[in-house]
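# Overview (structure and organization)
Spelled out, the chains give:
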There are 4 protein chains.
Amino acid sequence: MTILNGIVPPVLTPLDPSGAVDVESLDRLVDHLLAAGVDGLFVLGSSGQVAYLTDTERDLVVERVVARAAGRVPVVAGTPELTARRVVERAQAAERCGADAVVVTAPLYALNDAAEVAEHFRMIARGVSVPVIAYDVPVRVHSKLGVDLLLGLAREGVIAGVKDSSGDDVGFRILVRANEAAGRPLRITTGHEVVVDGMLLLGADGAVPGLANVDPAGYVRLWQAAQASDWVAARAEQDRLARLFDIVFVPRGRSGDAGGIGAFKSALVSLGVLGSATMPAPLAPLSAADASAIEDILAEVGLLGAEAR
Amino acid sequence: MTILNGIVPPVLTPLDPSGAVDVESLDRLVDHLLAAGVDGLFVLGSSGQVAYLTDTERDLVVERVVARAAGRVPVVAGTPELTARRVVERAQAAERCGADAVVVTAPLYALNDAAEVAEHFRMIARGVSVPVIAYDVPVRVHSKLGVDLLLGLAREGVIAGVKDSSGDDVGFRILVRANEAAGRPLRITTGHEVVVDGMLLLGADGAVPGLANVDPAGYVRLWQAAQASDWVAARAEQDRLARLFDIVFVPRGRSGDAGGIGAFKSALVSLGVLGSATMPAPLAPLSAADASAIEDILAEVGLLGAEAR
Amino acid sequence: MTILNGIVPPVLTPLDPSGAVDVESLDRLVDHLLAAGVDGLFVLGSSGQVAYLTDTERDLVVERVVARAAGRVPVVAGTPELTARRVVERAQAAERCGADAVVVTAPLYALNDAAEVAEHFRMIARGVSVPVIAYDVPVRVHSKLGVDLLLGLAREGVIAGVKDSSGDDVGFRILVRANEAAGRPLRITTGHEVVVDGMLLLGADGAVPGLANVDPAGYVRLWQAAQASDWVAARAEQDRLARLFDIVFVPRGRSGDAGGIGAFKSALVSLGVLGSATMPAPLAPLSAADASAIEDILAEVGLLGAEAR
Amino acid sequence: MTILNGIVPPVLTPLDPSGAVDVESLDRLVDHLLAAGVDGLFVLGSSGQVAYLTDTERDLVVERVVARAAGRVPVVAGTPELTARRVVERAQAAERCGADAVVVTAPLYALNDAAEVAEHFRMIARGVSVPVIAYDVPVRVHSKLGVDLLLGLAREGVIAGVKDSSGDDVGFRILVRANEAAGRPLRITTGHEVVVDGMLLLGADGAVPGLANVDPAGYVRLWQAAQASDWVAARAEQDRLARLFDIVFVPRGRSGDAGGIGAFKSALVSLGVLGSATMPAPLAPLSAADASAIEDILAEVGLLGAEAR
């Protein structure tokens, strides 16, 4: 199985109304994704609201998804922590729980230079036996992983892939080119929902779109069209998914963490996949009016039939 | 003639060794671009180093390019200034010099909210009779033009297009979609050299790539392939142009304004279009070693024959 | 006369209801400041809303204030422009209009490194015969002038002083120390209204507080207490002025440029100094309710008697 | 004992050459600080390199310092973690280990609005029985704690103090004033080494300067002078300490985390307090040349006699 290839949804973490991890809903979500034909699963990402989970809950999520996936697709796991020795503790836990790779950001809270960030990744790679994927998400980490850093680590065998959530199309294209020139040591995926067609055309190996929790089949169709070089079909499917992505703009005046994932959870309740749209405290769930507006969009793009409403 | 359609190079401003505008080289550059089949010309942009020109020099550049283009393609002109009444003075000058449209940023130095920025654009539109194009370049202006602002101004008839140099692929896609939903009141172009294929696939109306000064024919081929929905050919041409774009990485340790435009000017000297690669003070020109390394890349992508070196 | 010593208010630019410069109000404002005993005047600063004035209006302001001050205190003038050759045009105009020094920021819109910024200041110093004062205001210029850069330029004789509006107390203290170690080639002033006592204790040569337009006598008392090393009195006066500074928080939900200067203008109308609180378009004036709340604060700190309301 | 009053050094975490916590050196450091008369100890702060410690090591540090301080001064402990439920786990551990208060930042990695940040602090306050101190350090947390948020939480009884490391003198002064107007529900301290005199004049309740690890007696003298309103003496002591602070500029080209703390550790080795200047991986220690240059400064300010070198 190839790590980071095709559509790899960042799996949401369902909670029950008390705020505990809802493992039955998590099982249903995994089934929903695998039935659509996704190529891998990324647990404990930003869409998985990993920042709000305790270590015990993180381990539970990895174990449960690994068990449910049962080897059909690779499961990669996020490990956000402040610095390398703390990440290693989390990465080893993820490996023990069955993760096929770990997804690692630059240090948080610390103030490091590029050489220190490179050594951070080396320390983590030495601490686990599964591959390490670099996660570039400046909006949360507040530093950008440069092309030279990533390619250098790839050539050393420290990292095997990059999950790019930087929203920087130019940097992404330059990374893809440099990777090709270096013999493709990296698997490179985009994390952004509405530019998957363009990024695949530019040379991405796949996508990790949070919206794929809601419509995995749509992203699988987009991927298959791109694989067939049918870019007109890919663009058409992307247009439909971009309309679906409007669900994240339904909630107004909400924080970055509350609006988007709240909309995904609300949609998955409407689709019968999740039992509850509960958000981790201190995030509040969406309003009933927002949930209803989201259902209108689900219906418009064909995900929700009239009978279901 | 449609403003902002297809390939619209942001025309460099050639200087002679004394630092004065080199109008003969400017004429040759316009000829070089038009011969390749570009669809429009954008003078006094960031690539034109407008920030370093006096008002007298700005007027000279507009007049000369308008005269040389002689109506074959539209000429649009940048007008960077601190606030609206100052922009209006520059925009009226550009109009007097024959510009077909003016390209306008949000205020500089001022600290405005979105309503004030909207009124800024309205004040400018009232001050000229040519169309106003919004220029979104946060790396220089330090504020981002939001989708709601741009679409609102478009619906009011205040702006006719957007030159997007924000490097934000997600925001670009969302703008394109919102524009389509609104009946396409805006012409939307990307300013980034290496993602033109992806952005055209996503729905851009054209591109304003600085690198098109060096290889306008390459970008015209890319555009034509995209128009024919031959995305495989578009991607191949983009790959070649991305390799050519490596010339901007040849100079090491240079400022944002010195490296990239310095490389474009150096390349155009090697190609016989410009008489000098002089940069405006306080920017220093590239070294001879850099110029030689740039020629190697020009040769590799087929722009410079062995006999020329 | 020493440039940048003691209290140097950044003079507001009064406008009449049509938006034109109100020179009679400007005269009264100069009289108001000089009567209180200020040590200098800084025209065309951010408080002077220089970004919103045309070049013609800028020249008018300098000429009028120079004439009214009539040599009693030095008049320094701001020259915000994109790059050095454009600044030189404005600085020469200010010198022709009688300014005793020019106040210069790093380049705007341009993307320069430290060496280029240093040369920027050198180009300007070569272009005028009056002293150059560096203006460090990162919130508007989006780059910070470093200690090494400033001290280097001071040792070369390029700059004579620094107006610090960076809000970075640590950087300010380090600059003051480095300047003392270098033999005090620079005059260093703080631009922040509510920390003048602390910054004078730390070694500042003076202050350029916008609020001094409203209560110049208060700042003169603060300065005199500091000169007498009566820091308890200085702190007490600063406390009173900090309460007065609350007028800038009266307007809610306004932009950075609209709220604070709007409050100063409103207060000066209430005090009978200005004829109108008109703001330059696209900035809207404050509401009547805001003006009334500001008068309450003016009364509380003893600037407005009961009979005046 | 008052939490956050006077000089409260952020205690360094000494490591032995293998990278393990060096508890004997830690004991000596506590003795060094208490002998100088400091008013409290802050463990697990940024100066304590908390980001690089595992949870086991964090607990060890709190226990050891609490035991060594033996109730003579309050010991407060940092708890940096991503979100509230994770912070509560760390805060409860700190409380079990004997900490007299916990020091808490806004969420890391998460993207929250002000209401969610307020609830974050409430969740933590509900989880422990010791006081909660808010830690405002935007350079690491990448969000700023606003005056309204802090005063609101203080009035609710959620937080008891603020450790301000924002470097924003204006915001600090406004917070101090608002706190005074509210009846002083908060203890407010500055974390910056070179502006303690000015911030005490402005009304701070104390200081948490990393440099106080090196010269606690100097900061105690500064504090006592300020308490006696002898601001001339306070300024003189601050000048001396500002010269000592130059040790952090000795290492050139080092990261934010490597240079400053590296200099403090190097100085404490020279002073015989620490057994080793070992830094946590991936941070490298300072060079011998840097250590020697630091000794020169220690000698200059009278901390190191000729016989010691």
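Residues numbered from 1 in each chain as written. Chains lettered and ligands numbered in written order. Predicted model: local features only at pLDDT ≥ 70, side-chain atom pairs only at ≥ 80, totals over all residues. Heavy atoms only, no water.

### What to know about the relation of the copies chain D and chain A
Placing chain D over chain A gives an RMSD of 0.0 Å and needs a rotation angle of 180°, together with 0.0 Å of translation along the axis. The relationship between the two copies is best expressed as a two-fold rotation axis. Looking at chain D, 98% of its interface residues are interface residues in chain A too, so the copies touch through the same face. (Least-squares fit on C-alpha atoms with pLDDT ≥ 70 in both. Contact = heavy atoms within 4.5 Å.)

### Observations regarding the interface of chain B and chain C
With 42 residues of chain B at the interface, the matching set in chain C holds 41 residues. In total, chain B and chain C occlude about 3500 Å² of area from one another, counting both sides; carbon and sulfur atoms represent 57% of this. When residues of chain B are sorted by the area they lose upon contact with chain C, Arg86, Tyr109 and Leu111 of chain B head the list and together hold 24% of the total. Taken together, the connections running from chain B to chain C amount to 6 salt bridges. (Buried area = accessible area lost by both parts, 1.4 Å probe. Salt bridge = Lys/Arg side-chain N within 4 Å of Asp/Glu carboxyl O.)

### Topic: the pattern of salt bridges
In total, this model carries 104 salt bridges over all chains according to the counting rule given. Close ionic contact of Asp27 of chain C with Arg68 of chain C constitutes a salt bridge, the shortest N to O distance being 3.6 Å. With Asp27 of chain C in helix H1 (residues 23-35) and Arg68 of chain C in helix H2 (residues 55-69), the pair connects residues that are 41 residues apart, well separated along the chain. A residue is classified by how much of its surface remains accessible, and Asp27 of chain C, at 10% relative accessible area, is buried. Glu81 of chain C is paired through a salt bridge with Arg86 of chain C; the nearest N and O atoms lie 2.9 Å apart. One exposure class covers both Glu81 of chain C and Arg86 of chain C, and it is buried. Residues participating in the shared-partner salt-bridge network are Asp55, Asp59, Glu81, Arg86 and Arg90 of chain A together with Asp55, Asp59, Glu81, Arg86 and Arg90 of chain D. (Helix = DSSP H or I, 4+ residues; strand = E, 2+ residues; numbered from the N terminus. Buried < 20%, exposed > 50% of the residue type's maximum accessible area, 1.4 Å probe, protein only.)

### Let's talk about the interface of chain D and chain A
Facing 42 residues of chain D, the contacting portion of chain A comprises 41 residues. Summed over both partners, the interface of chain D with chain A buries about 3500 Å², with 57% contributed by carbon and sulfur atoms. Contact with chain A buries area across many residues of chain D, yet Arg86, Tyr109 and Leu111 of chain D alone supply 24% of it, more than any other trio. On the surface where chain D and chain A come into contact, there are 6 salt bridges. At the junction of chain D and chain A, the tally comes to 24 residue pairs in polar contact (both at pLDDT 80 or more). Among the secondary structure elements, those contributing two or more residues to the side of chain D that touches chain A are helix H2 (55-69), helix H3 (84-96), helix H4 (114-127), helix H5 (138-141) and helix H11 (256-270) of chain D. Element by element, the count of residues in the side of chain D that touches chain A is highest for H4 of chain D, at 4 residues. Along the lines of polarity and charge, the residues of the side of chain D that touches chain A split into 19 nonpolar, 10 polar and 13 charged. (Polar contact = N/O pair within 3.5 Å; in protein donor to acceptor, adjacent residues only side chain to side chain. Nonpolar A, V, L, I, M, F, W, Y, C, P; charged D, E, K, R; others polar.)

### So, the sheet that holds strand E4 (residues 101-104) of chain A
All names here are of chain A. Strands sit in the order E1-E8-E7-E6-E5-E4-E3-E2 across an open sheet of 8 strands; the sheet is parallel. Edge strands, defined here as strands with exactly one partner in the open sheet, are strand E1 (6-7) and strand E2 (41-43). With 3 bridges connecting them, strand E3 (residues 75-78) and E4 associate as parallel partners. Looking across to E4, one finds that Val76 is bridged to Ala101. Helix-sheet contacts for helix H4 (residues 114-127) involve E4 and strand E5 (132-136), and the interaxial angle to E5 is about 145°. (Pairing = 2+ DSSP bridges. Axes fitted to C-alpha atoms, helices over the stretch in contact; angles between N-to-C directions.)

### Concerning the packing of aromatic side chains
Residues and elements named next belong to chain C. With the rule as written, the count across this model stands at 8 aromatic pairs over all chains. Ring centres 6.0 Å apart and planes at 90° place the aromatic pair Phe42 and Tyr135 in the edge-to-face group. Of this pair, Phe42 sits in strand E2 (residues 41-43) while Tyr135 sits in strand E5 (residues 132-136), and the two are 93 residues apart along the sequence. Each member of the pair, Phe42 together with Tyr135, is buried. (Phe/Tyr/Trp six-rings, centres within 6.5 Å; stacked < 30°, edge-to-face > 60°.)

### Regarding the sheet that holds strand E3 (residues 75-78) of chain D
Residue and element names in this part refer to chain D. Spatial ordering of the open sheet is given by E1-E8-E7-E6-E5-E4-E3-E2, a layout of 8 strands whose pairing is parallel. One side of each edge strand has no neighbouring strand; the edge strands of this open sheet are strand E1 (6-7) and strand E2 (41-43). Against the sheet, H4 contacts strand E4 (101-104) and strand E5 (132-136), and its axis sits at roughly 145° relative to E5. Packed on one face of the sheet, helix H7 (residues 169-181) meets strand E6 (161-164) and strand E7 (187-190) and runs near 165° to E7.

### A word on helix H11 (residues 256-270) of chain C
Under the 1.5 Å per step criterion, the end-to-end length of H11 of chain C is 22 Å for 15 residues, consistent within 8% with the ideal 21 Å. Two residues or fewer after H11 of chain C comes Gly272 of chain C, characterised by a positive phi angle close to 80°. (Expected span 1.5 Å × (residues − 1).)

### What about the pairing of strand E3 (residues 75-78) of chain C?
Residue and element names in this part refer to chain C. Residues of E3 alternate between two faces, with Val75 and Ala77 on one and Val76 and Gly78 on the opposite face, all of them buried. Looking at chain direction, E2 and E3 are connected through 3 bridges and run parallel. Each residue of the ladder has a partner; that of Val43, found in E3, is Ala77. The parallel pair E2 and E3, bridged by H2, forms a crossover whose chirality is right-handed. Note on the crossover from E3 through helix H3 (residues 84-96) to strand E4 (residues 101-104): the handedness is right-handed. (Right-handed = clockwise from strand over helix to strand, strands pointing away.)

### Observations concerning empty space enclosed by the protein
This structure, assessed with the given rule, holds 16 cavities of 30 Å³ or more. Estimates place the volume of the largest cavity at around 70 Å³. Of the residues that constitute the lining of the largest cavity, the class distribution is 6 nonpolar, 3 polar and 2 charged. (1 Å grid on protein atoms, 1.4 Å probe; cavity = no way out; pocket = protein on both sides within 12 Å on 5 of 7 lines; lining within 4 Å. Points joined across faces, edges and corners; volume = space filled by probe spheres on them.)

### A short note on unusual backbone geometry
Residue Ala281 of chain A is joined to Pro282 of chain A through a cis peptide bond whose omega torsion reads 10°. Within the chain, Leu4 of chain B stands out as a residue other than glycine whose phi angle is a positive 60°. On the secondary structure map, Leu4 of chain B appears in the segment before strand E1 (6-7). Residue classification places Leu4 of chain B among the buried positions, given a relative accessible area of 6%. The phi dihedral of His142 of chain C falls on the positive side, at around 70°, and the residue is not glycine. Checked against the element boundaries, His142 of chain C lands in the loop between helix H5 (138-141) and helix H6 (147-156).

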